[in-house]
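Understanding the architecture of this molecule
In case you want the letters, here they are:
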Amino acid sequence: MALAIMDTTTRYGVVSKALHWGMALLFVWQFSSAAARVFFEDTPLESFLWGTHSQVGVVLLVLVVMRGAWALMNAPRRPPSVSVMAKLGHLALYGLMIAVPTIALIRQYGSGRALDVFGFNLMPGFDGEKIAWMTELGGLLHGELGWTLLALIVGHVVMAILHRKLTNHDVLSRMA
């Protein structure tokens with residue numbers, strides 16, 4: 001059986017699946033680094049995981065933009081949403097997957113610190129005063145929206161399981 005590249009009305013294609021599950025693994029890493037920062041501060045585990053947080057965040061932002069573009073290109077042939085709530089839930093997930101790292105990038109820029117991702121300088125630092133509204137925005141929203149994103153992801157997984165058990169909508173097999 002050949003793997004379909006493009007999505008169909010009954011299943012997602014290999015590109016959609018690779019983006020979905022690859023991002024799922026990166027989110028596990030990302031939330032593990034945040035949890036290590038909170039619960040294991042000043043330990044080798046926190047140092048190891050937290051050292052990758054910004055870089056993985058940038059990769060996730062790039063992947064969500066790619067995933068959104070791919071979804072739009074495949075929109076007419078993608079499996080239909082099973083409900084309005086599922087559609088709204090997915091829109092909230094996408095919104096937070098874009099907002100959380102974007103807010104972090106705004107904070108990073110406002111702090112004057114450089115941002116290097118895998119050896120590439122994406123944002124040069126600067127000397128002088130920090131840009132207060134940028135750092136305050138990040139301090140206020142990045143973490144809180146990040147944990148909200150985690151709650152939505154957990155809800156996404158739970159709902160995929162419940163759809164199968166309670167409604168016979170086997171939505172998980174469309175992405176598996």
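For the structure, check the block above.
Residues numbered from 1 in each chain as written. Predicted model: local features only at pLDDT ≥ 70, side-chain atom pairs only at ≥ 80, totals over all residues. Heavy atoms only, no water.

1. Comments concerning a nonpolar patch on the surface
Keep this limit in mind: Patch members must show over 30% relative accessible area and no salt bridge, and they are joined within 9 Å when carrying like charges or within 5 Å when they are nonpolar side chains of Val, Leu, Ile, Met, Phe, Trp or Tyr. In this description, accessible areas are obtained by the Shrake-Rupley approach with a 1.4 Å probe, and a residue is regarded as covered only by the protein chains that are shown. By definition, a salt bridge exists where a carboxyl oxygen of Asp or Glu is found within 4 Å of a side-chain nitrogen of Lys or Arg. Three exposure classes are used, based on accessible area relative to the maximum for each residue type with a 1.4 Å probe and protein chains only: buried under 20%, partly exposed in between, and exposed over 50%.
Together, Val38, Phe39, Phe40, Leu45 and Trp147 line one region of the surface with nonpolar side chains, adding up to about 530 Å² of accessible area. Phe39 gets classed as exposed once you look at its relative accessible area, which sits at 63%.

2. With respect to the packing of helix α1 (residues 14-39) against helix α5 (residues 132-167)
Condition: Angular values range over 0 to 180 degrees, each being the angle between N-to-C directions of two axes fitted as lines to C-alpha atoms, with helices fitted over their stretch in contact. Only DSSP runs of H or I covering at least 4 residues are called helices, and only runs of E covering at least 2 are called strands; the numbering of each starts at the N terminus. Throughout this description, any angle smaller than 35 degrees is read as roughly parallel, any larger than 145 degrees as roughly antiparallel, any in the 65 to 115 degree range as roughly perpendicular, and the remainder as oblique. Crossing chirality is assigned from the near helix's rotation relative to the far helix, an anticlockwise turn below a right angle marking it left-handed and a clockwise turn marking it right-handed. Residues are treated as being in contact if the distance between any of their heavy atoms lies within 4.5 Å. Charged means Asp, Glu, Lys or Arg here, nonpolar means Ala, Val, Leu, Ile, Met, Phe, Trp, Tyr, Cys or Pro, and polar covers whatever is left, Gly included.
Viewed as axis vectors pointing N to C, α1 and α5 meet at an angle of 135°, and their least axial separation amounts to 11 Å. One element, α1, and the other, α5, form an angle in the oblique class. Where α1 crosses over α5, the handedness of that crossing is left-handed. Along its contact with α1, which presents His20, Phe27, Phe31, Ala34, Ala35 and Val38, the element α5 presents Gly146, Trp147, Leu149, Leu150, Ile153 and His156. A per-class count over the contact of α1 with α5 returns 9 nonpolar, 3 polar and no charged.

3. Concerning the pairing of strand β2 (residues 120-123)
We apply this condition: Only strands joined by at least two bridges in the DSSP assignment are considered to pair.
The pairing of strand β1 (residues 115-117) with β2 spans 3 bridges and is antiparallel. Its bridge partner lying in β2, Asp116 is registered against Asn121. The turn joining β1 and β2, which pair antiparallel and follow one another in sequence, is formed by 2 residues; a positive phi near 50° is taken by Phe118.

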